[in-house]
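# Notes for the structure review
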Amino acid sequence: MKMQIADYEVRPGVVPSGEKAVVRIIPRGKHARFDDQVRRQPKDSPFSFAPEVFEPDADIEYKIYFLPMEQSTAPEPMSVCESVLVRPCADGSLEFRHVFSGEQEYKLVIVDSNDRELLRLSIYSLHQDLYGRRAYRGDLHVHSYFSDGREDPMVVAANYRKNGFDFMALTDHHKMYPSRLLLDAYRGVPTGLAMFSGEEVHVPYPSYIHAVNFGGSFSVNEYYESHQEECDAEIAQMAQSIEAPEGTDSLQLAQRIWVAQQIQRGGGLSILVHPHWISNAYNMPDDVTDYMFAHNVYDAFELLGGQSVHENNMQTAFYHDQRAMGRKIAIVGSSDSHGTEPAVYFTWSSTLVFSRGDSFDELTGAIKDYYSVAVEHYPGEEYRVHGPYRYVKYARYLLENYFPRYDELCFEQGRLMKEWACGDEDALSALESIQGRTDVFANRFFGM
């Protein structure tokens, strides 16, 4: 966490473009107060290391420059920046009013009466369609020990919250019921984590299809297995009616279209996953993937799908080519997690959704409306964010200025979730005592 984030909170952290905003810079600790921390040794103390006495001076004055990160090109940018003079409030904070323009990050450059720079903080100005949307971090492709994962679903969910996730779905291979068990297990428990039903779909046979059913009301796997003859006939008929490009397997197209339609029939978000996963050969021919995008067969594309750098590299390149053709593609990033202890690769890929809430309809609606980015973060490396430029630059700001403190609040919830899942009944009352703290922080940051 950057020192500035640890010592100061800019409240709110995002403001609407073109409107006068009231902003406070709040110190986190006496050492960070703005009311001139005059430090003196107590007269009756012979010790040089005695506690210091803070004597606030509200007459001190600071200047705050508003440095736009995308507009200033002057050799000395501060010389053309707007600024404001402020005096400390009674609590040692600074408060000002300003109209921020455009959609961009601003540096708040704070200088003293001698024009000496003391501190740089950040704030972000947003256009109206994005302002009022909170950023939710999620994973839409997760496994437990009910398929080929390592842990109990309750432990999986706890570890996700512990690492700052806001929503997830358990999507075990061939089955949905484990995700429903998870929902039942945490029903009524104040976790702060939105959990949804899900499954990874691998039908029809004998093709080797991968698709994610996020939030559907019924299992496509189970439906196919109990109606296989009827479903195969339906798929065969669809294959005959498809005008497939020359050389493209119409049956394979029909199978993948059928899966997407069944997920959507159950109200789920249909996700096309890892087309460039390798198992002796590419999992999905490029001409088939191209057809899926050209005809908007699936609701979203899993741009990042786990720990394979090769797979993610191929898929991001394919995505950018598709975008260059003018195609709009809703994207997500998922871990395809098969284990969360230790917390290693399941945090490497995730989705940020800019949504007005964390309900299923709000999250999936935002994804379908292209308000999401895919994020990858490998150990020892910086974040890489994928998606439209507008959202990439905003997401990077949030990853540096919002999530470090938000994640600290989530950690305690996740730790207590795991204690409760492992049989500690007292953990439930502890969870209830901290309920809503993450929402309070988020609402302050996003100006809600």
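Above this text you will find the structure in question.
All values derive from a computational prediction rather than experimental measurement.

### Observations concerning the sheet that holds strand 13 (residues 194–196)
One open sheet holds the six strands; their spatial order is 13-12-11-21-22-23, and the pairing between them is mixed. Edge positions in the sheet fall to strand 13 and strand 23 (384–386), since each of these pairs with one other strand and no more. The sheet shows a mean angle of 25° between the axes of neighbouring strands, taken without regard to direction. Of the pairings in the sheet, the one linking strand 12 (residues 167–170) to strand 13 comprises three bridges and is parallel in character. Bridge pairing links Ala169 to Phe196 in strand 13. Relative to strand 12, helix 2 (residues 153–162) is tilted by about 155°, and along the sheet it contacts strand 11 (134–142), strand 12 and strand 13.

### Examining the nonpolar core
Counting residues in each nonpolar core, the largest one holds 46 residues, and the members touching the most others are Phe214, Phe354, Tyr394 and Leu398. The leading source of residues in this core is helix 10 (residues 389–401), at seven residues. If we ignore the near neighbours within four places in the chain, the residues touching Leu398 are Ala135, Phe354, Phe403, Pro404, Phe445 and Phe446. In this structure, Phe218, Ala239, Ala254 and Ile329 belong to the second largest nonpolar core, which totals 36 residues.

### As for helix 6 (residues 250–265)
Here helix 6 is 16 residues long and its end C-alpha atoms lie 22 Å apart, about the 22 Å a rise of 1.5 Å per residue gives. Those residues of helix 6 not exposed but buried are Gln252, Leu253, Ala254, Gln255, Arg256, Ile257, Trp258, Val259, Ala260, Gln262 and Ile263. Here the buried face of helix 6 lies against strand 14 (198–201), strand 15 (211–214), helix 4 (220–226), helix 5 (228–241), strand 16 (269–272) and helix 7 (286–294). Measuring from the backbone nitrogen of Leu251 back to the side-chain oxygen at the start of helix 6 gives 3.0 Å, which picks out Asp249 as the cap.

What counts, and at which threshold
Residues numbered from 1 in each chain as written. Predicted model: local features only at pLDDT ≥ 70, side-chain atom pairs only at ≥ 80, totals over all residues. Heavy atoms only, no water. Pairing = 2+ DSSP bridges. Helix = DSSP H or I, 4+ residues; strand = E, 2+ residues; numbered from the N terminus. Axes fitted to C-alpha atoms, helices over the stretch in contact; angles between N-to-C directions. Contact = heavy atoms within 4.5 Å. Core = buried A, V, L, I, M, F, W, Y, C linked by side-chain atoms within 4.5 Å. Buried < 20%, exposed > 50% of the residue type's maximum accessible area, 1.4 Å probe, protein only. Expected span 1.5 Å × (residues − 1). Polar contact = N/O pair within 3.5 Å; in protein donor to acceptor, adjacent residues only side chain to side chain.

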